[in-house]
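Observations on chain architecture
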Amino acid sequence: MTKKQHGNCRNGKWNTSRRQITFFCALRENDITSRAFGAGELTMPRYAQLVMGPAGSGKSTYCATMIDHCQALNRSVQVVNLDPAAEHFEYPVMADIRELIQVDDVMEDDSLRFGPNGGLIFCMEYFANNFDWLEESLGHVEDDYILFDCPGQIELYTHLPVMKHLVEQLQQWEFRVCGVFLVDSQFMVETFKFISGVMAALSAMVLLEIPQVNIMTKMDLLNPKAKKEIEKYLDPDMYSVMEDNSVALRSKKFRKLTKAICGLIDDYSMVRFLPFDRTDEEGINIVLQHIDFSIQYGEDLEFKEPKEFNEEPSNTNFDEFFQGTADS
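On a predicted model such as this, the values are computed, not experimentally measured, just so you know.

The next thing to look at is the overall build of the chain. Check the secondary structure of the chain and you find 12 helices and 7 strands. Counting every position in the chain, which comprises 328 residues, the buried fraction comes to 48%. Sequence separation of at least 24 residues holds for 78% of the intrachain contacts in the chain that already meet a minimum separation of 6. Taken as a whole, the chain presents about 17,000 Å² of accessible surface, with 49% of it coming from carbon and sulfur.

Shown next as structure tokens:
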């Protein structure tokens, strides 16, 4: 049996071919109006965060932290796992793509012979062909607030249509969607790595065409020197950053290209980052407020008293965070 023929899975979770899925993806643009939500219409919108980013950027940790924070605020937040290669979670999920298809099953299928990366892409393409499974898992509850924990395959956010189709489908289901693009702050402390991270975030913004909040994660893991160094990358003056690293730019062509990229980032103010420290409740709340504002969450909700804590809340803010590192 070849890849063009139907694959099969031992547990009966899927039975389709890569050609069928590729053909389906090509037709999605012309088919997005084919689904009706039903006879009734939702009176209140639903909300979604699409948690994206490279592998190891802290997406699952972000989801777990946000759930704990929202529970303290007496807010109901659910998580949907969209990573078919995930192994374990630190939080309960309302839906898990592994119930539909798993990377291990695809890799073990002799008719497909995919590796880890090809298997994950195949799983996501199959998922795009079975959005009815997601619709059944989500239900039709008003005022849903859902975090979608996405895979770390960067191709999904740069040029493959799967995530774009997901966004379009969620919008048809009355979701207001915000992209949350995570990058590891430990990766961003060097200028050229920072530029690479910015371009990855920018690619996701261009592909998905939704409000996007960009976040530097794992701030709590940085040493005081690195915290002080990374402050300039949160709201960077790209020309100044480039001048600081002009010695490393030996090639004139590379210098010209880098200058053009820095100009795109700086002149149009297209990408900015928020710091995310999982130990700083006020910092977490600032990130959540930015996201809520972008999707207009809470405009029609009644006020709820937050849960009380035995310990005093943190009064730290970004200025104090960085001031502490400067005094160290």
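Turning next to the pairing of strand 4 (residues 145-149). With 5 of 5 residues buried, strand 4 is to be regarded as a mostly interior element. With burial as the criterion, each face of strand 4 is covered, one bearing Tyr145, Leu147 and Asp149 and the other bearing Ile146 and Phe148. In this structure, strand 1 (residues 46-52) lies alongside strand 4, joined through 5 bridges in parallel fashion. For Gln49, the partnering residue across the bridge sits in strand 4 and is Leu147. As paired elements, strand 2 (residues 78-81) and strand 4 share 4 bridges and run parallel to each other. Considered in strand 4, the bridge of Gln78 is made with Ile146.

Turning to the packing of aromatic side chains, a few remarks are in order. Across all of its chains, the model carries 12 aromatic pairs by this definition. With centroids separated by 6.0 Å and ring planes inclined at 50 degrees, the aromatic side chains of Phe192 and Phe254 adopt a geometry described as tilted. With Phe192 in helix 7 (residues 191-208) and Phe254 in helix 10 (residues 252-268), this residue pair connects regions lying 62 residues apart in the sequence. Classification of Phe192 by relative accessible area gives partly exposed; the value is 30%. On the accessibility criterion, Phe254 (39% relative accessible area) is partly exposed.

With that settled, the discussion passes to the nonpolar core. Within the largest apolar cluster, 66 residues are counted, with the highest numbers of intra-cluster contacts made by Leu50, Phe127, Phe148, Met163 and Met216. Broken down by element, the residue count for this core peaks at 9 residues, all from helix 7. When residues no more than four places from it in sequence are discounted, the contact partners of Met216 are Val183, Ser185, Met188, Phe194, Ile230, Tyr233, Leu234, Phe273, Leu274, Pro275 and Phe276. In this structure, Ala64, Met66, Cys70 and Cys178 belong to the second largest nonpolar core, which totals 26 residues.

A grouping of Phe192, Phe254 and Leu257 is seen on the molecular surface, where their side chains present a nonpolar patch of about 270 Å² in accessible area. In this structure, Leu257 sits in helix 10.

What follows is about helix 7. If you check helix 7, its first and last C-alpha atoms are 26 Å apart, about what 18 residues at 1.5 Å a residue would give, namely 26 Å. Turning to helix 7, its buried residues number three or more, namely Thr191, Phe194, Ile195, Gly197, Val198, Ala200, Ala201, Leu202, Ala204, Leu207 and Leu208. Of the residues trailing helix 7, Glu209 is marked for its positive phi of about 55 degrees.

Interhelical geometry of helix 5 (residues 131-138) versus helix 6 (residues 162-172) gives an angle of 45 degrees and a closest axis separation of 12 Å. Relative to helix 6, the element helix 5 lies oblique. Here helix 5 and helix 6 pass one another in a crossing that is right-handed. Within the contact between the two elements, helix 5 uses Phe131, Leu134 and Leu138 and helix 6 uses His165, Leu166, Gln169 and Leu170.

Turning our attention to the environment of Arg113. With respect to the helices and strands, the residue Arg113 is situated in the loop between helix 3 (103-108) and helix 4 (116-128). Using a relative accessible area of 67% as the deciding quantity, one classes Arg113 as exposed. Of note is the side chain of Arg113, whose polar atom sits 3.1 Å from the backbone oxygen of Asp110.

Hydrogen bonds between backbone atoms are what pair the strands of a sheet, whose relative direction is either parallel or antiparallel. Across the sheet, which stays open at both edges, the 7 strands sit in the order 3-2-4-1-5-6-7 with parallel pairing between neighbours. Of all strands in the sheet, those with a lone pairing partner are strand 3 (95-96) and strand 7 (273-275), marking the two edges. When strand 1 meets strand 5 (residues 175-184), the two strands line up parallel, connected through 7 bridges. Along strand 5, the bridge assignment pairs Gln49 with Cys178.

For the structure shown, the criterion picks out 6 salt bridges. Between Glu209 and Lys164 there is a salt bridge, with the nearest N and O atoms lying 2.8 Å from each other. Placement of Glu209 in the loop between helix 7 and strand 6 (212-217) and of Lys164 in helix 6 is noted, with a sequence separation of 45 residues between them. We note a salt bridge from Asp184 to Lys218, for which the minimum N-O separation is 3.5 Å.

Here we take up the state of the cysteines. Note on terminology: a disulfide is the covalent bond linking the sulfur atoms of two cysteines. Going through the model one piece at a time under the given rule, you end up with 0 disulfides. Looking at the unpaired Cys63, the closest cysteine sulfur is the one in Cys150, lying at 8.4 Å. Cys63 sits in the buried class, given a relative accessible area of 0%.

What follows concerns helix 6. For helix 6, a buried count of 9 out of 11 residues is recorded, marking the element as mostly surrounded by other parts of the structure. Among the residues of helix 6, those classed as buried are Val162, Met163, Lys164, His165, Leu166, Val167, Glu168, Gln169 and Leu170. Remark: Glu174 follows helix 6 within two positions and exhibits a positive phi of approximately 70 degrees.

About the criteria used
- Residues numbered from 1 in each chain as written.
- Predicted model: local features only at pLDDT ≥ 70, side-chain atom pairs only at ≥ 80, totals over all residues.
- Heavy atoms only, no water.
- Helix = DSSP H or I, 4+ residues; strand = E, 2+ residues; numbered from the N terminus.
- Buried < 20%, exposed > 50% of the residue type's maximum accessible area, 1.4 Å probe, protein only.
- Contact = heavy atoms within 4.5 Å.
- Areas by Shrake-Rupley, 256 points an atom, 1.4 Å probe, with all protein chains shown as cover.
- Pairing = 2+ DSSP bridges.
- Phe/Tyr/Trp six-rings, centres within 6.5 Å; stacked < 30°, edge-to-face > 60°.
- Core = buried A, V, L, I, M, F, W, Y, C linked by side-chain atoms within 4.5 Å.
- Patch = residues over 30% accessible without salt bridge, like charges linked within 9 Å, V, L, I, M, F, W, Y side chains within 5 Å.
- Salt bridge = Lys/Arg side-chain N within 4 Å of Asp/Glu carboxyl O.
- Expected span 1.5 Å × (residues − 1).
- Axes fitted to C-alpha atoms, helices over the stretch in contact; angles between N-to-C directions.
- Parallel < 35°, antiparallel > 145°, perpendicular 65-115°, else oblique.
- Left-handed = near helix turned anticlockwise from the far one by under 90°.
- Polar contact = N/O pair within 3.5 Å; in protein donor to acceptor, adjacent residues only side chain to side chain.
- Disulfide = S-S within 2.5 Å.

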